[in-house]
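Each chain, letter by letter, is given below.
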Amino acid sequence: MKLIKSLFIVLFSLAALAFIIVYFTLLASLPSLDNEFSSPWVNNQTVITRDEIGAVTINAQSHSDAVFALGYAHGQDRLFQMDLLRRSAAGELSEIVGNIALNMDKKARFHQFRKRAKKAFFNLPKGQQALLESYAKGVNLAVSEYTAKPFEYLLTSTEFKAWLPEDSLLVSYSMYIDLQGSQVERDLVNTLMLEKYGYGLLNFLNMPSPYQAALDGSIVSSSPTDIPNLNNETAHSDSSENAQTNLLSYNAISEPLDIGSNNWAVTGALTDTASAMVSDDMHLGLRVPPIWYRAQLNYVSNDDKIKVTGVSLPGTPIIIVGSNGKIAWGFTNANLDNVDWIRLSDDTPTTTLTETIKLKDGEEEFLIEMSQYGPVRSMEGKKYALAWVAHQDYAVNMYMGEMAHTSNLEEAFSLADKVGIPVQNFMLADAQGNAGWRPIGAVTARTTPTLYAIDEADYSPLWLQQEANLPSFINPSHGRLWTANARVVSASDFKRYGDGGYAVGARGLQIRDRLFALQSFSEQDFYDIQLDNEARFILPWHTKLIEVLSKQADKYSNDIQILQQWNNCACADSIGYTLSRRYRSTVINSLLAPIYNEVKSSQLSLGSALRSVEPAIWQLLDKEAESWLPLGFDSYDEFLIASYEETKSKLVKQYDANPETLKGIEWGEVNKLQIQHPFAAQLGPLAGLLNMPEVEGFGDSYMPAVQAQKFGASQRLIVRPGNEENGILTLPGGQSGHPLSEFYDAGFMQYAEGKNTAMLPGEARHTITIKAEQK
């Protein structure tokens, strides 16, 4: 007994000692937020303050000094995040996390963004080069002051490599991967479907959406599309969840996330001030720390005092969205077609490049086949070259940083012609009451977009040029503008700019209707729209499910009652919403199983090509297309009942729910918000120390309140320029990436609970003063 007691004491002591060592090592890596020092890299005294949630305010005498200080603050609070962003674009993750990232690195190396970033930096105007150099010096100064490495480098046994000016352009390229990467794969998937099934099926799956809300009210229509015959003998495979019925479960095919966002604006005529007002919530993957970083920059440019407040992207010296008191702006992904795959002839010359990917314990060579059009990929024995706007010389630059210097909508829209970013819907409001929309960013000048690969003869040399005449929509008579990743260009412009993966349009339509429901707007009115989770899009599926179950009313009386109590929303306590939502996925996946299996065999994802599938699915159900009926069923009624049973049983099993009352599959539980640190899994039971608290889900993909477990609004911004004191800016996490920082989760619960967080920084709690070194 004494031996056991002694052993327990020894083990407890060792555990306590290990905890103390880890704690003080972490403590040593906390940056100093109160300091005063001199630096040769600033020309005048520059001050960095942080308020009660860590929001950074920088006061400087020049733009160069301001971005130096921003780089310093980013380096203090978000170093590892910045490192991951540049490495993910360059294909250099395996060097720090090992072989688990090798396939990701190969996909990134295919695009050679490290080489492109160096070339892009060389081609920048000297002033932009100087700003990136100043920013890099700020980052590296912060790194030099660490007394211990951030814990991520301890876990990976790696070192931080000095930040280079071109690394900020790599971070910009990482956003191309996030925002347009699915478009690159989508065109390949469409090409495969075209070759396997013909134009009939491709056109059928890409019919115009019934949810259209273009800014000019135009409708893209098409002649009635016949349902193509489908050979469903390939439906059954190892991917089928139910070997008897060949049903594909609701999570078998990854749904295309609504990468992009919501934004809208109203003119000053619809607010109680002279200013117009803008709302913006960008939908991206949610993680710890959040992608954006709150900042206000104050400096002098050409004798003008600049004050710009909003969110920056760590790794870049720019306020991405925000307000300068004269204009306020936000982005959503525009989804214009900026990709062509070119089908190469057998005699088309190509060359081979060798890339060396460093691993933790060695290196691996990766071969890239290149053509005159771009990098080459093989599929089904044929070669395809990629022409993508991200590969063009006009893809990235730093002109977005000059948006803070513009004074009105006209100036801002003129500057937008120069900006090199992944093309976005640029929504802008100014203090004079003007509101406008236009695309901003890199758009190819080629005029023949397609959904699938083209022949070499159809390749346009206009790929080398950026489109100079993009459409705009300014001050409509009704005073309202909106975008939500679906088509907002006119029907005629749609033919020119194509479909780069538009959302189905339900969100945009719901936002438009909310805007026309009111005649004047406050910031809270806009926030209410951001949090709108009414289930308009799922309502037809809910109705269909009740109709199906009602054919066997005695058997499903309890289920029908649960469905009728769904509250018509993606609300936390709604079981009926969970059933309807997951039922939709099971039905769609099972109907598309033959295509899914064909695409999967070519190592592609069908999900990237399913954003427009809704009208096709309803046509199949309404007409009960026999050739699409999954094997093992004699009728659609039988199939739809089996789909419900499959959905319910899988949900009950997955969430250990009560099979009678279905308690346990409330939408808040099924769609629980889980924002995690990328290294949390390595800590086992201690993972909760790095992750944000789990909270009940409250929204979904096809409504303004977009939220999945690890995806949703990466920020929520609402502001009238000149009235920033009433502005709202919430983020799904804190400013600092350090788990011992007082700012690690500051602001998260306000975001999770839909509460307001002030846009403007508050009173300073920490101050760093950087003095110019005497020369």
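Rules used throughout
- Residues numbered from 1 in each chain as written.
- Predicted model: local features only at pLDDT ≥ 70, side-chain atom pairs only at ≥ 80, totals over all residues.
- Heavy atoms only, no water.
- Helix = DSSP H or I, 4+ residues; strand = E, 2+ residues; numbered from the N terminus.
- Rg over C-alpha atoms; globule rule 2.2 N^0.38 Å.
- Buried < 20%, exposed > 50% of the residue type's maximum accessible area, 1.4 Å probe, protein only.
- Contact = heavy atoms within 4.5 Å.
- Core = buried A, V, L, I, M, F, W, Y, C linked by side-chain atoms within 4.5 Å.
- Pairing = 2+ DSSP bridges.
- Axes fitted to C-alpha atoms, helices over the stretch in contact; angles between N-to-C directions.
- 1 Å grid on protein atoms, 1.4 Å probe; cavity = no way out; pocket = protein on both sides within 12 Å on 5 of 7 lines; lining within 4 Å.
- Points joined across faces, edges and corners; volume = space filled by probe spheres on them.
- Nonpolar A, V, L, I, M, F, W, Y, C, P; charged D, E, K, R; others polar.
- Expected span 1.5 Å × (residues − 1).
- Disulfide = S-S within 2.5 Å.
- Left-handed = near helix turned anticlockwise from the far one by under 90°.
- Phe/Tyr/Trp six-rings, centres within 6.5 Å; stacked < 30°, edge-to-face > 60°.
- Lys NZ or Arg CZ within 6 Å of the ring centre and 35° of its normal.

(A) Region of the structure containing the overall build of the protein chain. Looking only at helices and strands, the protein chain features 22 helices and 25 strands. Over its C-alpha trace the protein chain gives a radius of gyration of 27 Å, about what one expects of a compact globule, namely 28 Å for 775 residues. By principal-axis analysis of the C-alpha atoms, the protein chain measures approximately 85 × 85 × 65 Å. Across the 775 residues that make up the protein chain, the buried fraction comes to 62%. Sequence separation of at least 24 residues holds for 74% of the intrachain contacts in the protein chain that already meet a minimum separation of 6.

(B) Layout of the nonpolar core. Met 193, Trp 329, Phe 331, Leu 592, Ile 595, Leu 606 and Trp 628 are the most contacted members of the largest nonpolar core, which totals 222 residues. No other element matches helix 9 (residues 167-197), which puts 13 residues into this core. Those residues in contact with Met 193 that sit more than four places away from it in its chain are Gly 198, Leu 201, Leu 202, Leu 205, Ile 595, Val 599, Leu 606 and Ala 609. The next biggest cluster of nonpolar side chains, apart from the first, holds 15 residues, and it includes Ala 680, Leu 690, Tyr 744 and Tyr 751.

(C) Examining the sheet that holds strand 4 (residues 262-266) more closely. Taken together, the 5 strands give an open sheet; going across it, the order is 20-4-5-23-24, and neighbouring strands pair in antiparallel fashion. Of all strands in the sheet, those bounded by a partner on one side alone are strand 20 (480-483) and strand 24 (728-730). The mean inter-strand angle of the sheet, taken between neighbouring strand axes irrespective of direction, is 5°. In this structure, strand 4 lies alongside strand 20, joined through 4 bridges in antiparallel fashion. Residue pairing in the sheet places Asn 263 in a bridge with Thr 483 of strand 20. The strands touched by helix 13 (residues 506-516) are strand 4 and strand 20; relative to strand 20, the strand with the most contacts, the crossing angle is about 160°.

(D) Fine view of unusual backbone geometry. Looking along the chain, the bond that leaves Val 288 and enters Pro 289 is cis, with omega of -10°. Relative to the helices and strands, Pro 289 resides in the loop between strand 6 (283-285) and strand 7 (293-301). Positive phi, normally seen in glycine, also occurs at Ser 157, with a value near 55°. Secondary-structure assignment places Ser 157 in the loop between helix 8 (151-156) and helix 9. When its relative accessible area of 63% is taken as the criterion, Ser 157 is described as exposed.

(E) Structural view of the layout of surface pockets. For the second largest pocket, the calculated volume is near 810 Å³. Along its surface, the second largest pocket is lined by 35 residues, and Asn 206, Pro 208, Val 220, Phe 494 and Asp 499 are the ones closest to its centre. Listed by contribution, the elements that provide at least two residues to the lining of the second largest pocket are helix 10 (199-205) and helix 12 (491-497). Classifying every residue of the lining of the second largest pocket gives 19 nonpolar, 11 polar and 5 charged.

(F) Representation of the pairing of strand 13 (residues 362-370) in the model. Sheet topology note: the strand 12 (residues 351-359)/strand 13 ladder contains 9 bridges and is antiparallel. Directly across from Thr 352, in strand 13, lies its bridge partner Glu 369. What sits between the antiparallel neighbours strand 12 and strand 13 is a turn of 2 residues.

(G) How the structure looks around helix 7 (residues 126-144). Taking 1.5 Å per residue, 19 residues should reach 27 Å; helix 7 reaches 27 Å between its end C-alpha atoms and fits that length. Among the residues of helix 7, Gln 128, Gln 129, Leu 131, Leu 132, Ser 134, Tyr 135, Ala 136, Gly 138, Val 139, Leu 141 and Ala 142 are the ones counted as buried. Packed against the buried residues of helix 7 are strand 1 (35-39), helix 2 (63-77), helix 3 (79-90), helix 6 (113-123) and helix 9.

(H) Broad picture of the state of the cysteines. The full count for this structure, using the stated rule, is 1 disulfide. Shown here is the disulfide that connects Cys 569 with Cys 571, its sulfur atoms set 1.7 Å apart. Judged by the sign of its S-S torsion, about -125°, the bond between Cys 569 and Cys 571 is left-handed. By the burial criterion, Cys 569 is buried, and Cys 571 matches it.

(I) Layout of the sheet that holds strand 6. On the basis of which strands lie adjacent, the open sheet formed by 3 strands has the order 6-22-21 and antiparallel pairing. Here the strands that pair on one side only, and so sit at the sheet edges, are strand 6 and strand 21 (707-708). Bridging between strand 21 and strand 22 (residues 711-713) involves 2 bridges; their strand directions are antiparallel. The residue bridging Ala 708 from the neighbouring strand is Phe 711, located in strand 22.

(J) Seen up close, the packing of helix 2 against helix 7. At their nearest, the axes of helix 2 and helix 7 sit 7 Å apart, and the two run at 35° to each other. In the packing of helix 2 onto helix 7, the handedness of the crossing is right-handed. In this structure, helix 2 uses His 63, Ser 64, Val 67, Phe 68, Leu 70, Gly 71, Tyr 72, His 74, Gly 75 and Gln 76 to contact helix 7, whose residues at the interface are Leu 131, Ser 134, Tyr 135, Lys 137, Gly 138, Val 139, Leu 141 and Ala 142. Grouping the constituent residues of the contact of helix 2 with helix 7 by class yields 9 nonpolar, 8 polar and 1 charged.

(K) Representation of the packing of aromatic side chains in the model. If you walk through the whole model with that rule in mind, you get 27 aromatic pairs. Seen from their ring centres, Phe 204 and Trp 628 are 5.8 Å apart, and the 55° between their planes marks the pair as tilted. Here Trp 628 lies in the loop between helix 19 (614-623) and helix 20 (636-655) and Phe 204 lies in helix 10, a separation of 424 residues in the sequence. Looking at Phe 204, the relative accessible area reads 0%, which means it is buried. An aromatic cluster is present here, built from Trp 541, Tyr 556, Tyr 583, Trp 618 and Tyr 644 joined pairwise through their rings. Over the ring of Tyr 751 we find Arg 716; its NZ or CZ atom is 4.1 Å from the centre of that ring.

(L) Spotlight on the side chain of Gln 180. Tracing the backbone shows Gln 180 in helix 9. When its relative accessible area of 2% is taken as the criterion, Gln 180 is described as buried. Sequence-distant contacts of Gln 180, defined by excluding residues within four places in its chain, comprise Met 175, Asn 338, Trp 388, Val 389, Pro 422 and Val 423.

(M) Just empty space enclosed by the protein, in detail. Across all of its chains, the model carries 8 cavities of 30 Å³ or more by this definition. Each pocket or cavity is described by its volume, and for the largest cavity that value is around 290 Å³. Together, 22 residues line the largest cavity, and Met 175, Trp 292, Ile 320, Ile 421 and Pro 422 are the ones closest to its centre. Elements supplying a minimum of two residues to the lining of the largest cavity: helix 9, strand 6 and strand 10 (327-333). Among the elements that make up the lining of the largest cavity, the one with the highest residue count is helix 9 (3 residues). Partitioned by chemical class, the residues of the lining of the largest cavity number 13 nonpolar, 9 polar and no charged. Considered as a void within the structure, the second largest cavity measures approximately 120 Å³ in volume. If you go around the second largest cavity, the residues you meet are Tyr 250, Ile 253, Ser 254, Glu 255, Pro 256, Arg 584, Ser 585, Ile 588, Asn 589, Leu 610, Val 613 and Tyr 702. Its residues assigned to classes, the lining of the second largest cavity shows 7 nonpolar, 3 polar and 2 charged.

(N) Focus on the environment of Pro 678. Structurally, Pro 678 is set in the loop between helix 21 (667-670) and strand 21. Put simply, Pro 678 and Ile 320 are 358 residues apart on the chain and 24 Å apart in space, counted from C-alpha to C-alpha. When near neighbours in sequence (up to four residues on either side) are disregarded, Pro 678 contacts Leu 84 and Val 288.

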